[in-house]
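Fold and contact review
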Amino acid sequence: MLKVQRGFQRYLGRFLSSSNSNMSVDYSVQGSVAVLEVNNPPVNALSHGVRLGLKTGVEQASRDRNVRSVVIIGKGQTFPAGADIREFGKPSKEPWLTEVGMAIEASPKPVVAAIHGTCLGGGLEIALFSHYRIAVPSARVGFPEVALGLLPGAGGTQRLSRLTGLPVAMDMISSGRHVPIKKAKEYGIIDEIVTGDLMKAALKFAQSIQGRPLKDRCLMFKVVPNADKLEEFTSAAMAQVKKKYKGYEAPVVCIQTVRASAELPYEEGMKLERDLFLQLQGSGQARAQQYAFFAERAVSRWVMPGGSYKTAKPLPVRSTAVIGAGTMGSGIAVCLLSAGLPVYLLEQNEKVCMILNFKPTLNYSDLKDVDLVIEAVFENLDLKRDVFSKLDKICKPSAILCTNTSTIDINRISTATSRPDKVVGTHFFAPAYHMRLLENIYGTQTSPDTVATVMKLGKTINKVPVLVKSCHGFLANRMNGPFNTESLFLVEEGASPQEIDQVNEDFGMPMGPFKVRDLSGIDISWRINREVAKALGTTITKETKFLGGNRYCGLNDDFFEKGRYGRKTGKGWYLYEKVGGKIPTVDSETEEIINSYRQRRGIIKRKITPQEIFERQFYSCINEGFRILEEGICNTPEEIDISWIYGFSYPKFRGGPMFYASQIGLKRVYDRICHYHETCPYSIHWVPSRLLKKLAENDVPFSQWANHISKSRM
Ligand code: CAA
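No experiment lies behind these values; they were computed from the predicted model shown.

**Section: the nonpolar core**
Ranked by size, the top nonpolar core spans 97 residues in total, and within it Ile 323, Leu 391, Trp 573, Phe 626, Ile 640 and Trp 705 carry the most contacts. At 9 residues, helix H24 (residues 610–630) tops the list of elements feeding residues into this core. Ranked by size, the runner-up nonpolar core spans 87 residues in total, among them Leu 36, Ile 173, Ala 201 and Leu 219.

Shown next as structure tokens:
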């Protein structure tokens, strides 16, 4: 345990230099007002230096006879956006945030929090300890700690409810949502919305409240309104978080702690909050969620041969086009449109064009001036090459040509054009308007500027872009391959689809692989398998047991032949309440299809434990992840983890497959992979990765994987 924590601290340390313990608050007196200006870019996080500076500043203002009120304000882009996450897990240095807050609340002179940007977490706690709060219209407030596996640990859970009442406090703290300032005023969090220069408005406001009695403005003396409805509010909030944040510990603890604000005296509530904060902070979920926070930011620091995020220049994208108005194409168009980008949607079928509310077109010539095109036609190399060759002839020379292919090597598509440097993969995940991963793929000739353009575009359309090198299946689908095929082999050998789905859902995946198959369509995977076979120069028959030298399971084909395509036909691996239905139930015909398949192939059903189900799906995918790293398809484990979190809704509280592997222990993972390699010799994906072997044998902690990854490629 201790080792894991130390490793994790070293991991966080990789991201930033050690925190500045000098005071990071500028103190000045303007007339009769003391101004404490927090100066800790980029987000004015409440590091030790800021806490010290605020406490010292408030005390100095109390002593200064010329000062009659105090303003706390952030320099630069924001009011403090929370505690300094880099300090978590390190020995805490006084003053703690609660002590700072208590000094503010105890000030004999009124303290005004003047808010702009994002006033979050510990920042909002500082504001709630202040006697007054004013803000500019564009500011937002919130308690996002829950997203880091925590609760607000400096009075937030005990004080917000005294101001807003229980339902709002429970909702804000358990969801972590950012509240726009107009709403925050309605909730009673903000006293006044000010326009124009915030400093001037704050000084004016601070002068206007000088000499007023302060006791009424101290939240610790207030009682929580409507506390008699405590049970009703708590059960409603609990039911909501258990449904919405299944598997996450922090939202439940947040509700329990806010509840205590109405049940316990203030000091006892504060103590309970502290204890529960420390309990959550020591949990595996908080470690994983904090890792994911930094990992999400780390993936934007991309590197490729010949360029990086530091050197490459994104080209301007003012107009776009999407080729193909199928499910993916129209979803992508909605993403672009939502970000304010004009979109041409090119489609062959006139009927499809009529129903869409943006620039539909049947003519390639309309695309001659667009800056960027995303092709989203059916997954077929010849078809894609044909589209790219047409685009190359029509589009202006500077236009970037993207493909939404989910598997095909970009180099095989880019050679259909005279501008392979401007061809790049932009792989969206279904449903495209909802899933946040944008897997950007570079080919051997893609230029860094082209990559910079699609990485920037990803952010513009509110996606999380991850850069990978082209190979068959890229990162996400390549790892998903063994994960999915193992689930089929497990059914072949004896497990039921619902047993497998249950193991996945218990782990935290929102849906098991069989429910996902029913959602995405069994006919689609049937068609893709035929494309794969065609590319390999072979065909799939009832007897096919190997495809491209790898073990093949034909169960999916049997379901396809029975017309069971999934939700769209009302039945697939499960039975649905109607065609297009969403509620799966177990169907006896499913069992019959599986049994007759086993009989035909002479397979004797055996009992498979949940542990084996878990290991075969999740460890095979981890093994593939290590191969992806050793081959240089991506550079860091963070890129893999973020791809799974945002591409396949992998539970954030597990950190991602690679982080999770580090928490189980690589030696254990490696040993089990070797075991399955011996027992399932015909599955190529069980051949243990060399990199994994080396890391496991040398017991390398997660924070030092990076060195070994780069050496493994030399
Ligand atoms: N501590 C330390 N570093 C932080 C930080 C924090 N609270 N918040 C952001 N940063 C760092 C980021 O890691 C990033 O660093 P790099 O540039 O080195 O990658 C940099 O600040 C800028 O952050 P973003 O790229 O995220 O910038 P943005 O403008 O897109 O978003 C933001 C700004 C909305 C504030 C976002 O950074 C954010 O949501 N931060 C986290 C806020 C948070 O969770 N606060 C609660 C902290 S826990 C707490 O306060 C507990 C308590 O009660 C005691």
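Structure's up, so let's keep going.
**Some thoughts on the sheet that holds strand S5 (residues 118–120)**
Taking strand neighbours across the sheet as the criterion, the 3 strands line up as S5-S7-S8 in an open arrangement whose pairing is mixed. Edge strands, defined here as strands with exactly one partner in the open sheet, are S5 and strand S8 (179–180). Relative to S5, helix H4 (residues 122–129) is tilted by about 85°, and along the sheet it contacts S5 and strand S7 (140–142).

**Things to note about the side chain of Thr 446**
Positionally, Thr 446 belongs in the loop between strand S18 (437–442) and helix H17 (448–460). One polar contact links the side chain of Thr 446 to the main-chain carbonyl oxygen of Val 423, over a distance of 2.9 Å. Of note is the side chain of Thr 446, whose polar atom sits 2.7 Å from the backbone nitrogen of Gly 443.

**Some details on the packing of helix H28 (residues 690–697) against helix H29 (residues 705–712)**
Interaxial distance between H28 and H29 falls to 11 Å at its minimum, and their mutual angle equals 140°. Taken together, the axes of H28 and H29 are oblique relative to one another. Judged by the twist between their axes, the crossing of H28 over H29 is right-handed. Residues Arg 690, Leu 691, Lys 694 and Leu 695 of H28 lie in contact with H29, whose contacting residues are Trp 705, His 708, Ile 709, Lys 711 and Ser 712. The residue inventory of the contact of H28 with H29, partitioned by class, reads 4 nonpolar, 2 polar and 3 charged.

**Things to note about the pairing of strand S12 (residues 320–323)**
Where burial is concerned, the two faces of S12 agree: the one with Thr 320 and Val 322 and the one with Ala 321 and Ile 323 are both buried. Inspection of the sheet shows S12 paired to strand S15 (residues 372–375) by 4 bridges, in the parallel sense. Looking across to S15, one finds that Thr 320 is bridged to Leu 372. Pairing of S12 with strand S13 (residues 343–346), which is carried by 4 bridges, proceeds in the parallel orientation. Of the residues in S13, the one forming a bridge with Thr 320 is Val 343. One crossover worth recording links S12 to the parallel S13 by way of helix H13 (residues 327–338), and it is right-handed.

**Things to note about a nonpolar patch on the surface**
Residues Ile 524, Ile 528, Val 532 and Leu 536 make up a contiguous nonpolar surface patch of roughly 290 Å² in combined accessible area. In this fold, Leu 536 is placed in the loop between helix H21 (522–535) and strand S20 (546–547). Residue class for Leu 536 comes out partly exposed when judged on its relative accessible area of 48%.

**What to know about the domain arrangement of the chain**
Looking at the assigned domains, one finds that the chain contains domain 1 (17–257), domain 2 (303–471), domain 3 (495–601) and domain 4 (615–712). For domain 3 versus domain 4, the separation of C-alpha centres amounts to 26 Å. Between domain 3 and domain 4, the residue contacts involve 13 residues of the former and 14 residues of the latter. When domain 3 packs against domain 4, the two sides together hide about 1100 Å² of surface, and 61% of this comes from carbon and sulfur. Across the contact surface, domain 3 and domain 4 share 0 salt bridges. In this assembly, domain 3 and domain 4 are joined by 3 residue pairs in polar contact (both at pLDDT 80 or more). Where the side of domain 3 that touches domain 4 is concerned, the elements lending two or more residues are helix H19 (497–507) and strand S21 (550–551). Ranked by residues supplied to the side of domain 3 that touches domain 4, first place goes to H19 with 4 residues. Looking at the side of domain 3 that touches domain 4 residue by residue, the class counts come to 6 nonpolar, 5 polar and 2 charged.

**A look at the packing of aromatic side chains**
Tallying each qualifying case throughout the model produces 26 aromatic pairs. Taken together, a centroid distance of 4.7 Å and an interplanar angle of 80° make the contact between Tyr 248 and Phe 653 edge-to-face. Of this pair, Tyr 248 sits in the loop between helix H9 (230–244) and helix H10 (250–263) while Phe 653 sits in the loop between helix H25 (637–648) and helix H26 (657–664), placing them 405 residues apart in sequence. Assessed through its relative accessible area of 6%, Phe 653 is described here as buried.

Reading guide: rules and limits
Residues numbered from 1 in each chain as written. Predicted model: local features only at pLDDT ≥ 70, side-chain atom pairs only at ≥ 80, totals over all residues. Heavy atoms only, no water. Core = buried A, V, L, I, M, F, W, Y, C linked by side-chain atoms within 4.5 Å. Buried < 20%, exposed > 50% of the residue type's maximum accessible area, 1.4 Å probe, protein only. Helix = DSSP H or I, 4+ residues; strand = E, 2+ residues; numbered from the N terminus. Pairing = 2+ DSSP bridges. Contact = heavy atoms within 4.5 Å. Axes fitted to C-alpha atoms, helices over the stretch in contact; angles between N-to-C directions. Polar contact = N/O pair within 3.5 Å; in protein donor to acceptor, adjacent residues only side chain to side chain. Parallel < 35°, antiparallel > 145°, perpendicular 65-115°, else oblique. Left-handed = near helix turned anticlockwise from the far one by under 90°. Nonpolar A, V, L, I, M, F, W, Y, C, P; charged D, E, K, R; others polar. Right-handed = clockwise from strand over helix to strand, strands pointing away. Patch = residues over 30% accessible without salt bridge, like charges linked within 9 Å, V, L, I, M, F, W, Y side chains within 5 Å. Areas by Shrake-Rupley, 256 points an atom, 1.4 Å probe, with all protein chains shown as cover. Salt bridge = Lys/Arg side-chain N within 4 Å of Asp/Glu carboxyl O. Domains from an automatic or database assignment. Buried area = accessible area lost by both parts, 1.4 Å probe. Phe/Tyr/Trp six-rings, centres within 6.5 Å; stacked < 30°, edge-to-face > 60°.

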